[in-house]
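# Overview (structure and organization)
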Number of protein chains: 6
Amino acid sequence: MKKIITLGEVMLRLSPPGNQRFFQSHSLDVEFGGSEANVGAAMAYWGLNVAHLTAFPDSEIGWAAAGQLRKNGIDTQFIPFIPGRIGIYFLENGAMQRSSQVIYDRAGSAFANFDGKDLNWDAIFDGASWFHWSGITPALSKECAELTLTSLREATKRGVTVSGDLNYRSNLWKFGKEPHEIMPQLMELTNVFIAGTRDFKQCLNVEIKNFEAAREMAFNRFPDLQYIVKTDRISQSSSHNTLSAVLYEEKNSHSSKSYDMTHIVDRVGTGDAFAGGLIYGLLHMEPKEAIEFAMAAGAIKHSVPGDVLLCSLQEVIDLASGEAVGKIKR
Amino acid sequence: MKKIITLGEVMLRLSPPGNQRFFQSHSLDVEFGGSEANVGAAMAYWGLNVAHLTAFPDSEIGWAAAGQLRKNGIDTQFIPFIPGRIGIYFLENGAMQRSSQVIYDRAGSAFANFDGKDLNWDAIFDGASWFHWSGITPALSKECAELTLTSLREATKRGVTVSGDLNYRSNLWKFGKEPHEIMPQLMELTNVFIAGTRDFKQCLNVEIKNFEAAREMAFNRFPDLQYIVKTDRISQSSSHNTLSAVLYEEKNSHSSKSYDMTHIVDRVGTGDAFAGGLIYGLLHMEPKEAIEFAMAAGAIKHSVPGDVLLCSLQEVIDLASGEAVGKIKR
Amino acid sequence: MKKIITLGEVMLRLSPPGNQRFFQSHSLDVEFGGSEANVGAAMAYWGLNVAHLTAFPDSEIGWAAAGQLRKNGIDTQFIPFIPGRIGIYFLENGAMQRSSQVIYDRAGSAFANFDGKDLNWDAIFDGASWFHWSGITPALSKECAELTLTSLREATKRGVTVSGDLNYRSNLWKFGKEPHEIMPQLMELTNVFIAGTRDFKQCLNVEIKNFEAAREMAFNRFPDLQYIVKTDRISQSSSHNTLSAVLYEEKNSHSSKSYDMTHIVDRVGTGDAFAGGLIYGLLHMEPKEAIEFAMAAGAIKHSVPGDVLLCSLQEVIDLASGEAVGKIKR
Amino acid sequence: MKKIITLGEVMLRLSPPGNQRFFQSHSLDVEFGGSEANVGAAMAYWGLNVAHLTAFPDSEIGWAAAGQLRKNGIDTQFIPFIPGRIGIYFLENGAMQRSSQVIYDRAGSAFANFDGKDLNWDAIFDGASWFHWSGITPALSKECAELTLTSLREATKRGVTVSGDLNYRSNLWKFGKEPHEIMPQLMELTNVFIAGTRDFKQCLNVEIKNFEAAREMAFNRFPDLQYIVKTDRISQSSSHNTLSAVLYEEKNSHSSKSYDMTHIVDRVGTGDAFAGGLIYGLLHMEPKEAIEFAMAAGAIKHSVPGDVLLCSLQEVIDLASGEAVGKIKR
Amino acid sequence: MKKIITLGEVMLRLSPPGNQRFFQSHSLDVEFGGSEANVGAAMAYWGLNVAHLTAFPDSEIGWAAAGQLRKNGIDTQFIPFIPGRIGIYFLENGAMQRSSQVIYDRAGSAFANFDGKDLNWDAIFDGASWFHWSGITPALSKECAELTLTSLREATKRGVTVSGDLNYRSNLWKFGKEPHEIMPQLMELTNVFIAGTRDFKQCLNVEIKNFEAAREMAFNRFPDLQYIVKTDRISQSSSHNTLSAVLYEEKNSHSSKSYDMTHIVDRVGTGDAFAGGLIYGLLHMEPKEAIEFAMAAGAIKHSVPGDVLLCSLQEVIDLASGEAVGKIKR
Amino acid sequence: MKKIITLGEVMLRLSPPGNQRFFQSHSLDVEFGGSEANVGAAMAYWGLNVAHLTAFPDSEIGWAAAGQLRKNGIDTQFIPFIPGRIGIYFLENGAMQRSSQVIYDRAGSAFANFDGKDLNWDAIFDGASWFHWSGITPALSKECAELTLTSLREATKRGVTVSGDLNYRSNLWKFGKEPHEIMPQLMELTNVFIAGTRDFKQCLNVEIKNFEAAREMAFNRFPDLQYIVKTDRISQSSSHNTLSAVLYEEKNSHSSKSYDMTHIVDRVGTGDAFAGGLIYGLLHMEPKEAIEFAMAAGAIKHSVPGDVLLCSLQEVIDLASGEAVGKIKR
Ligand SMILES: [Ca+2]
Ligand SMILES: [Ca+2]
Ligand SMILES: [Ca+2]
Ligand SMILES: [Ca+2]
Ligand SMILES: [Ca+2]
Ligand SMILES: [Ca+2]
Ligand SMILES: [Ca+2]
Ligand SMILES: [Ca+2]
Ligand SMILES: [Ca+2]
Ligand SMILES: [Ca+2]
Ligand SMILES: [Ca+2]
Ligand SMILES: [Ca+2]
Ligand code: NI
Ligand code: NI
Ligand code: NI
Ligand code: NI
Ligand code: NI
Ligand code: NI
Ligand code: NI
Ligand code: NI
Ligand code: NI
Ligand code: NI
Ligand code: NI
Ligand code: NI
Ligand code: NI
Ligand code: NI
Ligand code: NI
Ligand code: NI
Ligand code: NI
Ligand code: NI
C-alpha cells in the first residue's frame, strides 16, 4: 500500500444549509477542510496510507478537526496541538446565476504560526512514495513558507515524488514576500505541477503569452519536472459547469473526456478531488488512464457535499471507464 | 368506488438527508415503502379503496409501518402483527453522474416468513376489482412464493383482474428456487404484465432476441394475458432522465408522450407510481388515455421525496392532458 | 439617500422544507412576506431608506413580523399593532413538472380591516421620492381599497412618483366591488405600471386585442403615466424558466437581456425583486440600464429561498453588466 | 373490541422547536390535535375501535389532518371534506417559570360552520359503546352547539354511554349564547362528567361554595349521571407539576396515586390522555382501577411531544400498577 | 418613551444544538450577542427606545449582526461598518454536573480596533436618559478603553444617568494595561454599579475583606454613585441554580425574592437580562420594585435559548408580582 | 502511553430526536456504539492508545462505523471487513416516568459470525497493558464465545491485565449454550469483574444469598481475581437517578461518592464510561482514587448524547475532586 504525505492548513468551514444565503436562518453546517488534506482524504478512502502534516489549536476545535481527518482515514500522528486559533472560512453555496461566496477569517491561525521545528522527518517519510503541497501554504506566513521549503528538501533527498498545486491566490501573500521570491525554489523541488497560465505568471513573475509558452518555459527551467496538469472549466452558472483536463509531458500530452456537469451540489474541493485522483492515477496507471481517473474523481466531487470526495475506488473507475451512470445500484 | 388489493413486503427505508452520502451526517430520513404498497398508496390518494396484504413485526416499528400505510389511505385490516424483524433498505440518493445506491438488509424479515395461512380470502376479495403483485414477492422465500400463488388463485377464481410487475432482481431468488420454476405459473394467472425483455428472459428462462419476440411469445403462451406494458428510460444522469411507455395489446399498441425529466428529486418508486397510474387508468379510461395517465403519474413521482406518489388526481390529469406545468397555482 | 414608501399586507408564509409536499414531514419553514414589502426589502438591502405601511396583529406573531421587516432594513415606525389575526399563506415549492401550490388563509386579517385613519401622511411622505402599491391591496376589502386611494392622493399631492404593480388576481376581489370600479382611479394617480395585457383587461373591464393596443390605450387614458413595464416568462417547468422584460415609454421601449434560469430555488417574490430593481433603477439610472438592473434583480431572486431578495447592490450590477457568473468569489 | 365515538374540532398546531420562543427561529413543528380526537387516539392506540366525528377543509391541509388521525388508528370514514379553513393554534412550550402560551386562530373554521346534517347516525353508532364530547364544541358556534345536542340525543336513544369533559373556556362562547343556555341540556344527556368546581359554576350559572356542593347538586339535578371525575394539578413551574385525580360516585369516591412530574416535555393533551384512560378504564375495569389507569395515562402524556398520547397499553398498566419506572427496557 | 444608549462588542455565537458537546454533529446554532447589546435588547422588547454603539465588519457577517439587532428592536443608525473580522465565541451548553464551556476567538475584531472618532455624540445622546457600559469593553484594547471613557464623559456632561456592569474577566486585559489603571476613572463617571466583591478588588487593586467593606469604600470614593447591585447565585449544577439580588443604596438596601431555577435552558445572558430589568426598573419604579423586576427578568432568561431575553413586559411583571407560573396561557 | 485492547460488537444505533417516541417524526439520529468500544473510546479521548477488536460488514455502513471509531481516537487496524450485515439497535430515550426502550435487530451480524482466525495476536498485544471484554460477546454465538476465550488466553499468556463486565442479558444466549457452560472459564482468566449479585448467579448458575456471599465465593473460586466492582443505581425516573459504586478487594473495599443526577440527557453507555474510568483509574491511581475517577466519568456520561463519553481528562478529574460544577467555563 502506497504511503502519501500531504502538508497544509485545515480550516473550519461554516456554511448555511442548502441554498440559503449567509445567516438567512439560525444554523451553519460544519465541515473541516483544506486543499491538501482534501487531496489526502480522497486517496485514504481508496485505501492508500495517507499522513497529513499540519498543526491544530489545542482545544475542542482542534481535537475535532483531527478526529474528522481520522474519520476520513488520514493518519494524524504527526500533527501537534499548539496554542492559537483555527482558521475559519464561511462558505455560501451559489446557485443558478448567483456565485458561491467565501469569507475568509484565517489570519493568525495556529498553522500560520507553525514552524514545524519538532517534526521527525525520518518517521514522516519512512516508506513514503509521494509528497503533495500547494501554493496556499507558502502564501500564509514566513513560517509556512519555510516549512514548505524544508518539507520539499526532506522529501526530495529521500527520493519521494513531489506534486504541487501552484494555486496562486491574490488575497493571500500578505506577510511581506511576493510569490516569485518564494515559489521558484519550491517549484525546483517539484515533479508534477497542477497549474494554469496565470499560476506560472504570478509565481515566476514573468510575461507568458499562453499556456504553450508556459509549458515550454517550465520544462526548460525545472529539470526535475515530469508533468504539468491543467484543468479547463467553463462556468455556465453555479449549477452547471463543463470540465476537462490535460496531462502534459515535455513532448506528449493526454486529454481527458469532458464532463458536462449540471445540478452541481458542492463545487468546493473539486480541484482537490482531481489532484487526489491524479496522484492515485500516476502511482497506479499509465498517464492516459491517470488523467481520466483524475477527471472522473473531480467530476464526482461536484455531487458530494463538503470539502472532501467521499467516493469508492470502484465508483471512480466506473465513471472513468464510461460505465452507465445515474442508475440505482442495488 | 373501485376496490384494489395489493400484496408485498413493506420495508423501513433509511436515507441520508438531501444530497449527502451514506453516514455523512448524524441523521437518516425515515420512510416506509415497498413496491406493491407504493402502487396502492397512489391509488388510495386518488380515492380508490385499497387494501394491502403483508405482515409486520409486532413492535413499535411494525405498528408505525401500518400507521404510515393508513395515513396514505390504505386499509390495513388484513395485516397481521407477527414475530420477527422488519426488512430495511438504506438508500443514498444519487446526483449528477453519481448513481443512487441501495443497501438491502431484508433477509429474515417477518414478511419473508409469512405464510398467510390465516388470511380470510373471502373478506379480502369481497367487492374487489383488481389484484396487483410483483416479482419481488415470490423471490423472497418459499413461503412468499406460495403465498403469491395462493393469492393469485383466490383472485382469479373470483374474477378479479390481475396485474403483475415482473421486476426480476438478480440479488433476490436466494431461497433455492430459480425464477423459471415459480414465475410461469404466476404469469398464467395474470392479465397485465409490466415487463421488459430481460424480465421475460429471466422469468421464463428462454432466449428471446428482442421485445417483439417476447411480446409474441407471451401472448401465445398466456391465454389470459390482455396487456403488456413497458417503460423506456434513458438515464443521462441521476438528475436527468427521459421516460416514455407503451401499452401493448396482442395486436395494437399505445405509446405515451415522452417526458424529459431534469432536476430529479427522488427516483425511487417512480415505477410503482406508474403502475398505480396504469391500474387506475385501465379501470377508468380507454387504453390510450390509460397509458398517458400512467406515464404522467410516473413523471410526477420523480419530483416527490419518498417511496410514494403523493399527488392529487387533478394534478395527474393536468399533466397527462398537457396543461401548462411549472406555474404557481394559487 | 432616497426614501421610498411601500404599502401592503405582510403575511406569514409556511412551507414544507426542501422539495417536500404539504405536510409530508413534521415541520414548516417560516417566512414573512408580502408583495410590496418584498419590493421594499430589496431596496433597503441596497441602502435606500424604505418605510413600509401595513398593520399587524398585536401579538407575538405581529411583533415577529415587524422584527423581520426591521431585520430586512425596513423602517417600521408607521406600522400600528391592532386586534386581529395575521394573513397566512401555505406554499409548496414545485419541482420539475410539478407546479408550486399556494393555499391562502388570509381572510379577515388585521390588515384587511385596517382603515389607516391615524396615519400621519406628512411624516410618512416627508422627504419621500417614491411610493409603490400593488393591485392586491385594493382587492382585499373596502377599507383597503380606500386606504390605497388615500395613500395615492397623499403621495401625488406631495409630488412623489408612484408605481403600481397591477397584479390582477381572480381569487381576490370578494368584498363586493369589481376591479374596474376601483382600479381606474388608482391608475390615474400612478406614473409607472407593471402590467401585462390581462391586467389591463381586468382592471379596466375592456376588450383589448394585444399588448400594443393596451399600451396605446393606457398612455392615452392616463396622462400622468410615464412607463409601462412588462415581464415575459416561459415556464418550461417549475425548475426551469426563461425570463425577460421590456420598459415601454409612450413612443420608445427598452428590452432587457433574456435569462435562461434552470435549477430554480424559489420562484416566489421574483416579480417583487424585479419591481424593487425597477424602482431603484429608475431612481438612479437611464431607462435602458434600469430595465437591465431590474431584470438581473429578478433573475437572482430565483436562487434565493424565501419571499425576499437578499442580494447586494454589487451582485445585481455584476449580473446586469454581464460579469462572469457561477464562480466562487473569495 | 369496544367501539367509541368522539366528536370535536381538530386543529393545526404550530409550535417552535424545543424550548424556543415564538418565531425565534425559522421553522415550526406541525401537529394536528383537538381535545376529543386526542381522547380517541389514546384509545385507538390501545386497540379500541374509535371513530371521530368532525369536518375538514377540502384541501391538502384537511387531507393531511385526516391522514394523521388514520395514522393514529382513528376511523375517519364519517368525516366530510367541506369548504373552509382549518382552525390553527400556535403553541409555545413553557419551561421553568415561563408559562406555555397558546395563540388561537380558529375563528371561522370549516368545523365551526359544520351542521352535520348529512351524518348517518345509524352507521355511526352501530355497535358503539361510548360517546365522548367536550364543552369546547358547543362553545364554538350555533351550528356546533346544535350538532353536539343532536349527537347526544342520537347516542342516548341507542343506549350508548356518554362522557363529557365540561372544560369551560372563557375565550370561547362568542356566538351569542352563554354556557348556561346550552350546557344544561347537554349535561342531562351525559353519564360521566370530567369537571371541577369552576366548570359547574360557569356551565350552570350558579353559585357553588365548593366541589362537594357541586357534586351534590350535580347528582341531584342530573339523574343519569354516574360519575364525576376531577383532576387536581399543582403547577410548581412549567417543568414540574404534581397531579392526582378522584372518581366520584354519588356516595363513594376513589382517589388515584399522586404523581410528581418533573422534566415535563409537553403539557398539552395531558387532560385528554387522562380522559382516554378514564373511558378505557371504565369500559374494562373496576372504578378504583379505572381512575389509576386514567391517571397513569395522563402522567405518561407529560413525557410525550405532541397533542396525543402515543403509549402502549402495557406501559400504562405498568405505571398504574407501580412497576419500576425509568429503566432501559431491552 | 425613554431612550437608552448601550456600548459594547457584539459577537457571533456558535453553539452545538441541544445538549450536544462541541462538534458532536454537523451543525452549529447561530446567534449574535454581547453583554451590553443584550441589556439593550431586553429593554427594546419592552418598548423603550434603545440605540447600541458598536462597530461591525463591512461584510455579510456584519450586516447580519446589525439586522439581528434591528430585529430585536435596537436602533442601529450609529453603527459603522468598517474593515476587520467579527469576534466569535463558541458556546457549549452544560447540563447536569457538566459545566458550560466558552471558547473565545475574539482577538483582532473590528470593534477592538474601533476608535469611535466619527461618532456624533450630540445625535447619540439627544433625548437619552441612560447610558450603560460594562467592564468588558475597556478590557479589549487601548482604543476600546478610550472609547469607553469618551462615551462616559459625553454622557455625564449631558446629565445622562450611567450604569456599569464591572464584570472583571481575567482572560481579557491583554493589551498592556491593568484594570486599576483604567477602571477607576470610568467608575467615577458611573451612577450604578453592578458588581461583587471580586470586581471591586480587581478594578481598584485593593484588598477588601468583604462586600460590606467594598460597599462602604465605593460610596466614599465615588461621590456620584447612587446604587450598587449584586446578584447571588448558587450553582447546584448546570441545570439547577438558585438566584437572588440586592440593591444597595449608601444606607439602605432592598433584597429580591430568591428564585429556585431548575431545568435551565440557557444560562448565558441571564446577567444581562437582569441588568436590562434593573435599568428599566430604576427608570419606572421604586427601588424595591426595581430589584424585583430585575430579578424576575433575570430568572425568565434562564428559560430562553440565545443571548437575549425575549419576553414581554407583562411576563416580567407577572413573575415579579408572584402571579401563578407554569400554566398554559390561552 | 498505556495500550488497551477491547473486544466486542459495534452496532448502528438509531434513535428518534429529542424526547420523541419511535417514528413520531421522519428522522432518526445515528450513532455507532457497543459496550466495549464505548469503554475504549472514553480512554482514547483521555490520550491512551486503544485498539478495538471487532468485525464490520464490507459496505458503506461498516466503513462508516470504522470511521466513527477512528474519529473517537480508536485504532482500527485490526478490524476486518467481511460479508454480512451490521447489528442494529433502535433506542427511544425515556423521560420522566416513561422508560427508555431498546429494540434489538442484531441477529446474524457480521460480528456474530466472526471467528477471528486471522487475527495476529502478537501484533495486537504488542505493548498492551490491559484487555477488556464483556459478557455480551460470548452470549452472541458459538464463534463469539470461542473468540472471547481465545482472546483471554492470548492476553493472559502475555501478562496483560484483564477486566470483564459480566453483564448478563437474558435476551441473548440464544445459540444453544447457557452462561454457566461458558462464563466460568472466561472468569478464570479475568482479573477485574464488573458485576452485581445477579450476574454471579446467572454466570455461575449458583444460588447466592447476597453480594457479600458472591464476593467471598468469587475470590475463593478465581485465584487471579483482584477486584470486583459494583455500581448501585436508584432510578427515581428516566430523568433522575442516584448512582454510586464500590471497588472490592478480597479484604478491603473503597466506596465512591454518590451522585444525584437529575435532568439526564442520555442514560445509554453510562456503565461503559464508568468501566473506562475504572481501567484508566486502576492504571494510573490508587484504588480509592480510581473508583472516584470511574464514578465521575460515569456521572458525566449521563449529560452527553450518544453511546460514548466525550469528555476531557480534566473534566473528570475536576468532578471527582469536588471542583465546583455547573459554571460557565470561559
Ligand atoms: Ca452544504
Ligand atoms: Ca457538508
Ligand atoms: Ca430524501
Ligand atoms: Ca422522504
Ligand atoms: Ca423553502
Ligand atoms: Ca426560506
Ligand atoms: Ca414540541
Ligand atoms: Ca411534536
Ligand atoms: Ca442552544
Ligand atoms: Ca439559540
Ligand atoms: Ca439523542
Ligand atoms: Ca446522539
Ligand atoms: Ni439542496
Ligand atoms: Ni430563514
Ligand atoms: Ni436537495
Ligand atoms: Ni461531516
Ligand atoms: Ni457533513
Ligand atoms: Ni433543495
Ligand atoms: Ni413521511
Ligand atoms: Ni418524509
Ligand atoms: Ni427567514
Ligand atoms: Ni428539549
Ligand atoms: Ni435567533
Ligand atoms: Ni435561534
Ligand atoms: Ni434540549
Ligand atoms: Ni455522532
Ligand atoms: Ni451525534
Ligand atoms: Ni432535549
Ligand atoms: Ni407527528
Ligand atoms: Ni411530530
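Not measured: the values here are computed from a predicted model.

Take helix H6 (residues 197-204) of chain D next. Residue and element names in this part refer to chain D. Here H6 has its buried residues at Asp199, Phe200, Cys203 and Leu204. Looking straight down H6, one finds that the buried residues subtend no more than 100 degrees of arc, so they occupy a single side. Residues of H6 that are buried sit in contact with helix H5 (179-188), strand E11 (192-194), helix H7 (211-221) and strand E12 (227-237). Once H6 finishes, Asn205 follows within two positions and takes phi at roughly 55 degrees, a positive value.

Pairing between sheet strands relies on hydrogen bonds along the backbone, with the strands arranged either parallel or antiparallel. Taken together, 10 strands build an open sheet; the order of strands is E16(C)-E8(A)-E7(A)-E2(A)-E3(A)-E3(E)-E2(E)-E7(E)-E8(E)-E16(F) and the sheet is mixed. The strands lining the two open edges of the sheet, one partner per strand, are strand E16 (328-329) of chain C together with strand E16 (328-329) of chain F. Alignment of strand E7 (residues 88-92) of chain E against strand E8 (residues 100-105) of chain E, held across 5 bridges, turns out to be antiparallel. Of the residues in E8 of chain E, the one forming a bridge with Glu92 of chain E is Gln101 of chain E.

Moving on, we come to the interface of chain B and chain D. Each side of the interface is counted separately: chain B has 9 residues, and chain D has 9 residues. Carbon and sulfur atoms supply 54% of the area that chain B and chain D bury against each other, a total of about 690 Å² over both sides. Sorting the residues of chain B by area buried against chain D places Trp63, Arg70 and Lys71 of chain B first, and these three jointly supply 59% of that buried surface. At the boundary of chain B and chain D, one finds 0 salt bridges. Linking chain B with chain D are 3 residue pairs in polar contact (both at pLDDT 80 or more), by the criterion used here. It is helix H2 (residues 60-71) of chain B that provides the largest number of residues to the side of chain B that touches chain D, a total of 5 residues. Looking at side-chain class alone, the side of chain B that touches chain D contains 2 nonpolar, 5 polar and 2 charged residues.

A few words on the environment of Cys144 of chain E. Residues and elements named next belong to chain E. Examined against the element boundaries, Cys144 turns out to sit in helix H4 (residues 142-157). In the structure, Cys144 is positioned 31 residues away from Asn113 in sequence and 7.4 Å away in space, judged by C-alpha atoms. Once residues within four sequence positions are removed from consideration, Cys144 is found in contact with Phe111, Ala112, Phe114, Thr137 and Pro138.

Phi at Asn205 of chain A is positive, roughly 55 degrees, even though this residue is not glycine. Tracing the backbone shows Asn205 of chain A in the loop between helix H6 (197-204) and helix H7 (211-221).

For the rest of this paragraph, the subject is the sheet that holds strand E8 (residues 100-105) of chain B. Read across the open sheet, the 10 strands follow the order E16(A)-E8(B)-E7(B)-E2(B)-E3(B)-E3(F)-E2(F)-E7(F)-E8(F)-E16(D); overall the sheet is mixed. Each of the sheet's edge strands pairs with one partner strand only, and the pair in question is strand E16 (328-329) of chain A together with strand E16 (328-329) of chain D.

A few words on helix H5 (residues 179-188) of chain B. Those residues of H5 of chain B lying buried are Pro179, Ile182, Met183, Pro184, Leu186 and Met187 of chain B. On its buried side, H5 of chain B packs onto strand E9 (130-134), helix H4 (142-157), strand E11 (192-194), helix H6 (197-204) and helix H7 (211-221) of chain B.

For the rest of this paragraph, the subject is the relation of the copies chain C and chain A. Overlay of chain C on chain A (RMSD 0.0 Å): rotation 120 degrees, translation along the axis 0.0 Å. The operation mapping one copy onto its partner corresponds to a three-fold rotation axis. Scanning chain C for the C-alpha nearest the rotation axis identifies His263 of chain C, at a separation of 4.0 Å. When you check the interface residues of chain C against chain A, a mere 8% turn up at the interface there too, and the two sides of the contact use different surfaces.

Attention now moves to the UniProt feature "domain: Carbohydrate kinase PfkB" (unreviewed entry) in chain A. Residues given the UniProt feature "domain: Carbohydrate kinase PfkB" (unreviewed entry) here are residues 1-306 of chain A. Structurally, residues 1-306 of chain A comprises 34% helix and 25% strand, and the distance from its first C-alpha atom to its last is 27 Å.

Before going further, it helps to spend a moment on the relation of the copies chain B and chain D. Rotating chain B by 180 degrees about the axis while translating it 0.0 Å along that axis superimposes it on chain D, leaving an RMSD of 0.0 Å. Considering both components of the superposition, the chain copies are consistent with a two-fold axis. Rotation axis and chain B: the residue whose C-alpha lies nearest the axis is Lys71 of chain B, separated from it by 2.3 Å. The share of interface residues of chain B whose copies in chain D are also at the interface is 100%, consistent with both copies meeting through the same surface.

Moving on, we come to the interface of chain C and chain A. Between chain C and chain A, the contact holds 24 residues from the first and 26 residues from the second. Of the roughly 2200 Å² buried between chain C and chain A on both sides combined, carbon and sulfur atoms contribute 55%. When residues of chain C are sorted by the area they lose upon contact with chain A, His263, Ile328 and Arg330 of chain C head the list and together hold 31% of the total. At the boundary of chain C with chain A, the tally comes to 1 salt bridge. A salt bridge links Glu315 of chain C to Arg21 of chain A, with the nearest nitrogen and oxygen atoms 2.7 Å apart. Applying the counting rule to chain C against chain A returns 10 residue pairs in polar contact (both at pLDDT 80 or more). Counting only elements with at least two residues in the side of chain C that touches chain A, the list comes to strand E15 (259-262), helix H10 (313-320) and E16 of chain C. No other element matches the 4 residues that E15 of chain C contributes to the side of chain C that touches chain A.

The tally for this structure, following the rule as stated, stands at 96 salt bridges over all chains. For the salt bridge of Arg21 of chain C with Glu92 of chain C, the shortest nitrogen-to-oxygen distance reads 2.7 Å. On the criterion of sequence distance, the pair formed by Arg21 of chain C in the loop between strand E2 (11-15) and strand E3 (27-33) and Glu92 of chain C in strand E7 (residues 88-92) is long-range, its members being 71 residues apart. Notably, a salt bridge pairs Glu9 of chain F with Arg106 of chain F, separated by 3.1 Å at the nearest N-O pair. Here Glu9 of chain F, found in the loop between strand E1 (3-7) and strand E2 (11-15), pairs with Arg106 of chain F, found in the loop between strand E8 (100-105) and helix H3 (121-125); they are 97 residues apart in sequence, far enough to count as distant. Each of Arg21, Glu92 and Arg98 of chain A together with Glu315 and Lys329 of chain C takes part in a single network of salt bridges with overlapping partners.

Turning next to the packing of helix H8 (residues 270-284) of chain C against helix H9 (residues 287-301) of chain C. Residue and element names in this part refer to chain C. Axis separation between H8 and H9 bottoms out at 7 Å; the angle between their running directions is 150 degrees. In terms of their interaxial angle, H8 and H9 are classed as roughly antiparallel. Crossing angle aside, the handedness with which H8 passes H9 is right-handed. Of H9, the residues touching H8 (which contributes Thr270, Ala273, Phe274, Gly277, Leu278, Tyr280, Gly281 and Leu282) are Ala290, Ile291, Phe293, Ala294, Met295, Ala297, Gly298 and Lys301. Across the contact of H8 with H9, the residue classes break down as 11 nonpolar, 4 polar and 1 charged.

Right, let's talk about the environment of Asp165 of chain E for a bit. Tracing the chain through its elements places Asp165 of chain E in strand E10 (residues 161-165). A sequence separation of 30 residues divides Asp165 of chain E from Ala195 of chain E, and the C-alpha atoms of the two residues are 6.4 Å apart.

All names here are of chain E. It is the contact of H4 with helix H5 (residues 179-188), at a shortest axis distance of 9 Å, that shows an interaxial angle of 15 degrees. Considered as vectors, H4 and H5 are oriented roughly parallel to each other. As H4 runs across H5, the sense of the crossing is left-handed. Contacts from Ala145, Thr148, Leu149, Leu152 and Arg153 of H4 reach H5 at Ile182, Gln185 and Leu186. Here the residues of the contact of H4 with H5 sort into 5 nonpolar, 2 polar and 1 charged.

Moving on: the pairing of strand E15 (residues 259-262) of chain E. Residues and elements named next belong to chain E. Here E15 shows one buried face, formed by Tyr259 and Met261, and one open face, formed by Asp260 and Thr262. Direction of pairing for strand E13 (residues 240-248) relative to E15: antiparallel, over a ladder of 4 bridges. When the bridges of E15 are listed, His240 appears paired with Thr262.

This paragraph deals with the packing of aromatic side chains. This model, assessed by the stated rule, comprises 96 aromatic pairs over all chains. Taking the centre distance of 6.0 Å and the plane angle of 55 degrees together, the rings of Phe193 of chain A and Phe200 of chain A count as tilted. Each member of the pair, Phe193 of chain A together with Phe200 of chain A, is buried. Here the aromatic rings of Phe211 of chain E and Tyr248 of chain E are separated by 4.8 Å at their centres, their planes lie at 45 degrees, and the arrangement is tilted. Taken together, the residues Phe211 of chain E in helix H7 (residues 211-221) and Tyr248 of chain E in strand E13 connect sequence positions 37 residues apart. What makes Phe211 of chain E buried here is its relative accessible area of 9%. Given a relative accessible area of 10%, Tyr248 of chain E falls into the buried group. Among the aromatic residues, ring-to-ring pairing joins Phe22, Phe23 and Phe90 of chain A together with Phe32 of chain E into one connected group. Its guanidinium or amino end placed over the ring of Phe211 of chain B, Lys230 of chain B lies 4.8 Å from that ring's centre, counting from NZ or CZ.

Calculation criteria
Residues numbered from 1 in each chain as written. Chains lettered and ligands numbered in written order. Predicted model: local features only at pLDDT ≥ 70, side-chain atom pairs only at ≥ 80, totals over all residues. Heavy atoms only, no water. Buried < 20%, exposed > 50% of the residue type's maximum accessible area, 1.4 Å probe, protein only. Helix = DSSP H or I, 4+ residues; strand = E, 2+ residues; numbered from the N terminus. Arc of directions from axis to C-beta. Contact = heavy atoms within 4.5 Å. Pairing = 2+ DSSP bridges. Buried area = accessible area lost by both parts, 1.4 Å probe. Salt bridge = Lys/Arg side-chain N within 4 Å of Asp/Glu carboxyl O. Polar contact = N/O pair within 3.5 Å; in protein donor to acceptor, adjacent residues only side chain to side chain. Nonpolar A, V, L, I, M, F, W, Y, C, P; charged D, E, K, R; others polar. Least-squares fit on C-alpha atoms with pLDDT ≥ 70 in both. UniProt positions renumbered as here; feature names shortened; annotations may be inferred. Axes fitted to C-alpha atoms, helices over the stretch in contact; angles between N-to-C directions. Parallel < 35°, antiparallel > 145°, perpendicular 65-115°, else oblique. Left-handed = near helix turned anticlockwise from the far one by under 90°. Phe/Tyr/Trp six-rings, centres within 6.5 Å; stacked < 30°, edge-to-face > 60°. Lys NZ or Arg CZ within 6 Å of the ring centre and 35° of its normal.

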